[in-house]
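# Chains, contacts and geometry: an overview
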Amino acid sequence: MKKIGLLCLLVSLPVFAQSEISGMAHVVDGSTIHVVTDHGTIKVRLLGIAAPDNQQSGGNEATAFLEHYAEGEPVHCTLDGTQFQMHEVGICYVAGQDIAAAVIRAGLARDCPTVSGGRYWPIERPEAQKLPLPDYCQSDSARHR
């Protein structure tokens, strides 16, 4: 019986495993890209950042920055096996540079500590503090920063 349970667990692991994708970037907004691969287009939400939506203050600037930085560029993403609003979630790179980190360094997005584990907090710019931080990004410690 233990072997059957272990086998079932092992079969289910790929659903939660990380996966790697590569392709060309098409920017949707300041925190979302579509990765065009040989096998189709994969919608990817950049893990751990909160960029304003296009209709919010700063949203168009974040999108324009990301378009300049990554639009049409070859990207490599490590997907974490989760989804956010029907998008895969992952860390994506252009020329070996973390795309989300670039948006945060530009002061156009914030670290989302409940998702990133504070990955981007050290590089978050003071001017980004005026940007909205969605409820899903706020842990108790993030609310008191």
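These figures come from a predicted structure and were not determined experimentally.

From N to C terminus, the chain includes 5 helices and 8 strands. Going residue by residue from the N terminus, the α and β elements of the chain occur as α-β-β-β-β-α-β-β-β-α-β-α-α. Counting the 145 residues in the chain, one finds 41% classified as buried. In the chain, the proportion of contacts linking residues at least 24 apart, taken out of those at least 6 apart, comes to 57%. Taken as a whole, the chain presents about 8400 Å² of accessible surface, with 58% of it coming from carbon and sulfur.

Here the focus is the nonpolar core. Most often, soluble globular proteins have nonpolar side chains that are buried together. Core analysis: the largest hydrophobic core is formed by 28 residues, its most contacted members being Ile33, Leu66, Val75, Cys77 and Ile99. For this core, the elements supplying multiple residues, two or more each, are strand 1 (19-29), strand 2 (32-37), strand 3 (40-46), helix 2 (59-70), strand 5 (74-84), strand 6 (87-94) and helix 3 (99-105). Top element by residues in this core is helix 3. It accounts for 5 residues. The contacts of Ile99, once residues within four sequence positions are left out, are Ile33, Leu46, Leu66, Tyr69, Ala70, Val75, Cys92, Tyr93 and Val94.

On to unusual backbone geometry. We note that Gln85 has phi near 50 degrees; this positive angle belongs to a residue other than glycine. Locating Gln85 in the fold gives a position in the loop between strand 5 and strand 6. For Met86, which is not a glycine, the phi torsion comes out positive at approximately 65 degrees.

Rules of the game
- Residues numbered from 1 in each chain as written.
- Predicted model: local features only at pLDDT ≥ 70, side-chain atom pairs only at ≥ 80, totals over all residues.
- Heavy atoms only, no water.
- Helix = DSSP H or I, 4+ residues; strand = E, 2+ residues; numbered from the N terminus.
- Buried < 20%, exposed > 50% of the residue type's maximum accessible area, 1.4 Å probe, protein only.
- Contact = heavy atoms within 4.5 Å.
- Areas by Shrake-Rupley, 256 points an atom, 1.4 Å probe, with all protein chains shown as cover.
- Core = buried A, V, L, I, M, F, W, Y, C linked by side-chain atoms within 4.5 Å.

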